[in-house]
2 protein chains.
Amino acid sequence: MIQTLDVTLEERSYPIIIGRGVLANGALLRPYIKQNKVLIVTNETVAPLYIDTVQSALEKQGVSAISVVLPDGEQFKNWETLNLIFDALLGAHCERGTTLVALGGGVVGDMGGFAAACYQRGMPFIQVPTTLLSLVDSSVGGKTAINHPLGKNMIGAFYQPKAVLADIATLDTLPDRELKAGVAEVIKYGLIRDPEFFSWLELHIDSILARDPEAVIFAVHRSCANKAEVVAADERETGERALLNLGHTFGHAIETGMGYGKWLHGEAVAAGTLIAAELSCQLGWLDADAVLRIERLFLRAGLPVRGPGLGVARFLELMRHDKKVEAGRLRLILLQGIGKAVMSDAASEAQIARAIEARCT
Amino acid sequence: MIQTLDVTLEERSYPIIIGRGVLANGALLRPYIKQNKVLIVTNETVAPLYIDTVQSALEKQGVSAISVVLPDGEQFKNWETLNLIFDALLGAHCERGTTLVALGGGVVGDMGGFAAACYQRGMPFIQVPTTLLSLVDSSVGGKTAINHPLGKNMIGAFYQPKAVLADIATLDTLPDRELKAGVAEVIKYGLIRDPEFFSWLELHIDSILARDPEAVIFAVHRSCANKAEVVAADERETGERALLNLGHTFGHAIETGMGYGKWLHGEAVAAGTLIAAELSCQLGWLDADAVLRIERLFLRAGLPVRGPGLGVARFLELMRHDKKVEAGRLRLILLQGIGKAVMSDAASEAQIARAIEARCT
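Since this is a predicted model, take the numbers as computed values, not measurements.

Student: Break down the overall build of chain A for me, with residues and values.
Tutor: When you go through chain A residue by residue, the secondary structure sums to 13 helices and 13 strands. Referenced to the eigenvectors of the C-alpha coordinate spread, the extents of chain A come out at roughly 60 × 40 × 35 Å. The proportion of buried residues among the 361 residues of chain A is 65%. Total accessible area computed for chain A in this model is approximately 12300 Å², and 52% of it derives from carbon and sulfur atoms. Positive and negative side-chain charges in chain A, numbering 35 and 41 respectively, have mean positions lying 3 Å apart.

Here you go:
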């Protein structure tokens, strides 16, 4: 069964097409490709698994597909790798009207999307996520970026895809560690705005980890529905969309501080969410029972609930580079309950430091 | 006297503030700066001339200004130099709400604007052009980009500034060669849509080259008015705005083929415009007298009216990377008269080759 969700953004609206085996169905993508040529951006892990399927599906639709295969990992989300995409686009005489297809996880989607945003000042692109994290989060909403040595996702663009093709079957080949990392972002939706979903996850987390198709499809669909709603209401993150960054300011500091690629993004977000929960608890906004519930769910998902020992001073320094800093004050996403996130600069540096200390090794 | 023109783009509208000595008047910029800190992006030629003026003007308004000084020249319009801007932004803890000020010519404006478009997915920026070319053309309209070894301005963004502060006095320090290069873009407005202005230029070209203040101010104002009108009607170049690229597809091929920085952009545009006029004449759209009038004006402006000897095959190969290629066909801006440009893919490759041969050394 194929389900479609719409991200409603006026002339930039697009569908998220979710189903098993949709990768092999070129007719689903054809309406979103203007010309008869695409460039597929993927990585060395995903290419052997899926590139033939996508290429022959497109060829059956009369679309020729060339490809560029990037190295795999967050540590390659930088200028040098991005330039490989531009080299491929120019080498193959791709035009402003050629479509770029990002086939892979969050790193491929972020870089493919950013390359599409910049190439000839903007070419159309399609997200084809192949990890749980990209299926439920990064492929939807048009946030694209690369990292800078001093800060994650510091250089990028808001640039919406023409379509997202989410093939649940790609999760069959996903390593357990990557699956768990994706679950962190799934739990996030429950925490920030969907308490019913959080409760459902408490009941079904084991089924998701066991890759039970029904549980996985429900979790992906519910996550995408949450994401689509938030993005439609606040495309450029001037308000509500910022709530999706729960745990991310702490998490980005972990990723940057440990060296990109050491911690998976979802792992860092899990630990970061626990720090945010701890801080919310210290502020008296969240009771200790709720913190325990959150911790327990992340633990059951096999995710870290403590940050690494970066040291508080270094942690705070890394956080000061975050995009949520305004007029020198760190704005954090905090919790006032399970299902209720808020953005606030109420926490003092001393309070933030205490929460980091309490929740890092 | 200070004159203001508006670029009308709904919530992205902004003023072009034109006058002599406006650089020293910080109160003109203050309304367009949200916080009390800016990063000035400039180059090693412009910095010693104007950075103190701008910095102290802003400081009087309570705005602290840090700066990054780039090497000067089209050959530095690339990733490496762009990264110097990101390093400076992150090193100084600039936020998403900090303003970037691009102080310099077209290269500084294009790179500063592109850095602003990408930093934290978009920070506000202000254009402060200091060359005739950037005053009359590149600082207005939000086209930002860097070059790729295979093609000029291939990687960039449409990203509008919050304001353009155009100080005519900066032209006093401009080398003659740069002044003449700027005149190429001034003549362009006459050619594509303002025949009266073209006739005026035929009468006043010597005054402009002699830097007569009245003639220069008139030419800058009239050029900006033309640019603002076109941009307001077609921000993202889906139609009329493409006409502003008269001579540019040929010109970009010259710049890329000769090595960035050998020919100034305006010089390449002048030679490229003559190739376009030649081709228009061959197609029977423009009479030989008009071609002569155009050639004569460029000659009087001290601009090249013949391209370099790249060889036709190489020239065509370079042109195939242009952004105006659609479905494999080269769309060119051609002339149907002085003051009347059109976009067309009517010319065959053989015809284009003939025009290049006729107009290149």
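Student: Quick rundown of the pairing of strand E8 (residues 151-158) of chain A? Include the residues and the values.
Tutor: Residue and element names in this part refer to chain A. Taken across its eight residues, E8 has eight buried, putting it largely inside the fold. Inspection of the sheet shows strand E7 (residues 143-148) paired to E8 by five bridges, in the antiparallel sense. Note on E8: the bridge partner recorded for threonine 144 is alanine 157. Between the antiparallel neighbours E7 and E8 lie two residues.

Student: Can you lay out the sheet that holds strand E1 (residues 3-7) of chain A for me, pointing to particular residues and giving the numbers?
Tutor: Residue and element names in this part refer to chain A. Sheet architecture is open: seven strands sit in the order E1-E2-E9-E6-E5-E3-E4, paired in mixed fashion. Of all the strands in the sheet, the pair left with one neighbour each is E1 and strand E4 (64-70). Strand-to-strand twist across the sheet, computed as the mean angle between neighbouring axes with direction ignored, equals 20°. Bridge count between strand E6 (residues 125-129) and strand E9 (residues 163-167): two bridges; the pairing is parallel. Bridge pairing in E9 places glutamine 127 opposite valine 164. Against the sheet, helix H2 (residues 47-59) makes contact with strand E3 (37-43), E4 and strand E5 (99-104), and its axis sits at roughly 170° relative to E3, the strand it touches most. Its contacts with the sheet place helix H3 (residues 79-91) against E3, E4 and E5, and it is angled at close to 155° to E4.

Student: Just give me the short version of the interface of chain B and chain A, but keep the residues and values in it.
Tutor: Contacts between chain B and chain A engage 40 residues on the former and 40 residues on the latter. Carbon and sulfur atoms make up 53% of the surface buried where chain B meets chain A, a total of about 3300 Å² over both sides. Contact with chain A buries surface across chain B, with Trp79, Leu90 and Arg121 of chain B losing the most and accounting together for 25% of the total. Applying the counting rule to chain B against chain A returns two salt bridges.

Student: Break down helix H13 (residues 349-359) of chain A for me, with residues and values.
Tutor: Turn by turn, an α-helix covers 3.6 residues, leaving residues three or four places apart pointing in a common direction. Residues and elements named next belong to chain A. Every buried residue belonging to H13 is among Ile352, Ala353, Ala355, Ile356 and Arg359, and all of these are buried. Around the axis of H13, the buried residues are gathered within 160° of arc, so they sit on the same side. Exposed side of H13, more than 90 degrees from the buried face: Ala350 and Glu357 are the residues found there. Looking at the buried positions of H13, the neighbouring elements they touch are helix H9 (248-258), helix H10 (265-282), helix H11 (288-300), helix H12 (312-319), strand E11 (329-330) and strand E12 (332-337).

Student: Tell me about the pattern of salt bridges, and please be specific about residues and values.
Tutor: Residue and element names in this part refer to chain B. Taken as a whole, this structure holds 54 salt bridges over all chains when the rule is applied. A salt bridge links glutamate 74 to lysine 77, with the shortest nitrogen-to-oxygen separation between them at 3.6 Å. The burial state of glutamate 74 is the same as that of lysine 77; both residues are buried.

Student: Before we move on, could you go through the environment of lysine 227 of chain B and cite the residues and values that matter?
Tutor: All names here are of chain B. Inspection of the secondary structure assignment puts lysine 227 in helix H8 (residues 213-233). Judged by its relative accessible area of 5%, lysine 227 falls in the buried class. Apart from the residues lying within four places of it in its own chain, the contact partners of lysine 227 are Val136, Asp137, Ser138, Val140, Tyr189, Arg241 and Leu244.

Student: So what about the sheet that holds strand E3 (residues 37-43) of chain B? Which residues, and what values?
Tutor: Residues and elements named next belong to chain B. The seven strands lie next to each other as E1-E2-E9-E6-E5-E3-E4, forming an open sheet whose pairing is mixed. On the outer flanks of this sheet lie strand E1 (3-7) and strand E4 (64-70), each paired with one strand and no other. Within the sheet, the average angular offset between the axes of one strand and its neighbour, ignoring direction, is 20°. Looking at chain direction, E1 and strand E2 (residues 14-19) are connected through five bridges and run antiparallel. Counted as the bridge partner of glutamine 3 is isoleucine 18 from E2. Strands E3, E4, strand E5 (99-104) and strand E6 (125-129) of the sheet are contacted by helix H4 (residues 106-118), whose axis makes an angle of about 165° with E5.

Student: Any chance you could break down the packing of helix H6 (residues 176-193) of chain B against helix H11 (residues 288-300) of chain B for me, citing the residues and the numbers?
Tutor: Residue and element names in this part refer to chain B. Closest axis-to-axis distance for the H6/H11 pair is 11 Å, and the angle between their directions is 155°. One way to sum up the angle between H6 and H11 is to call them roughly antiparallel. Note on packing geometry: the crossing formed by H6 with H11 is right-handed. Facing Ala184, Ile187 and Leu191 of H6, the residues of H11 in contact are Ile294, Leu297 and Phe298.

Student: Any chance you could break down the packing of aromatic side chains for me, citing the residues and the numbers?
Tutor: To describe a pair of aromatic rings, you give the distance between the ring centres and the angle between the ring planes. Scanning the model with the defined rule gives 13 aromatic pairs over all chains in all. Aromatic pair tryptophan 79 of chain A and tryptophan 79 of chain B: ring centres 3.8 Å apart, planes at 35°, arrangement tilted. One end of the pair, tryptophan 79 of chain A, is in helix H3; the other, tryptophan 79 of chain B, is in helix H3 (residues 79-91), on a second chain. No difference in accessibility class separates tryptophan 79 of chain A from tryptophan 79 of chain B, as the two residues are buried. Considering the side-chain rings of phenylalanine 250 of chain A and phenylalanine 315 of chain A, the 6.4 Å spacing of their centres and the 55° angle between planes classify their relative orientation as tilted. Residue phenylalanine 250 of chain A is found in helix H9, and its partner phenylalanine 315 of chain A is found in helix H12; the two are separated by 65 residues along the sequence. Residue class for phenylalanine 250 of chain A comes out buried when judged on its relative accessible area of 1%. Among the residues examined, phenylalanine 315 of chain A registers a relative accessible area of 0% and is labelled buried.

Student: So what about the relation of the copies chain B and chain A? Which residues, and what values?
Tutor: Mapping chain B onto chain A calls for a screw motion: a turn of 180° about the axis and a shift of 0.0 Å along it, with 0.0 Å RMSD after fitting. What we have between these two chains is a two-fold relation. It is tryptophan 79 of chain B whose C-alpha, among those of chain B, lies nearest the rotation axis, at 3.8 Å. A share of 100% of the interface residues of chain B reappears at the interface of chain A, consistent with the copies meeting face to face through the same patch.

Student: Would you mind going over the domain arrangement of chain A in detail, with residue names and values included?
Tutor: All names here are of chain A. What the domain assignment reports for chain A is domain 1 (3-173) and domain 2 (177-359). Each of domain 1 and domain 2 has a C-alpha centre, and these two points are 25 Å apart. Each side of the interface is counted separately: domain 1 has 35 residues, and domain 2 has 36 residues. A buried area of about 3200 Å², summed over both sides, lies between domain 1 and domain 2, and 64% of it is on carbon and sulfur atoms. For the pair domain 1 and domain 2, the interface holds five salt bridges. Among the salt bridges present, the one from lysine 227 reaches aspartate 137, with a minimum N-O distance of 2.6 Å. Elements represented by at least two residues in the side of domain 1 that touches domain 2 include exactly E1, strand E2 (14-19), helix H5 (132-138), E7 and E8. Take the side of domain 1 that touches domain 2: its biggest share by element is six residues, from H5. Its residues placed into classes, the side of domain 1 that touches domain 2 shows 16 nonpolar, 12 polar and seven charged.

Cut-off values and rules
Residues numbered from 1 in each chain as written. Chains lettered and ligands numbered in written order. Predicted model: local features only at pLDDT ≥ 70, side-chain atom pairs only at ≥ 80, totals over all residues. Heavy atoms only, no water. Helix = DSSP H or I, 4+ residues; strand = E, 2+ residues; numbered from the N terminus. Buried < 20%, exposed > 50% of the residue type's maximum accessible area, 1.4 Å probe, protein only. Areas by Shrake-Rupley, 256 points an atom, 1.4 Å probe, with all protein chains shown as cover. Lys, Arg positive; Asp, Glu negative; His and termini not counted. Charge placed at Lys NZ, Arg CZ, Asp CG, Glu CD. Pairing = 2+ DSSP bridges. Axes fitted to C-alpha atoms, helices over the stretch in contact; angles between N-to-C directions. Contact = heavy atoms within 4.5 Å. Buried area = accessible area lost by both parts, 1.4 Å probe. Salt bridge = Lys/Arg side-chain N within 4 Å of Asp/Glu carboxyl O. Arc of directions from axis to C-beta. Parallel < 35°, antiparallel > 145°, perpendicular 65-115°, else oblique. Left-handed = near helix turned anticlockwise from the far one by under 90°. Phe/Tyr/Trp six-rings, centres within 6.5 Å; stacked < 30°, edge-to-face > 60°. Least-squares fit on C-alpha atoms with pLDDT ≥ 70 in both. Domains from an automatic or database assignment. Nonpolar A, V, L, I, M, F, W, Y, C, P; charged D, E, K, R; others polar.

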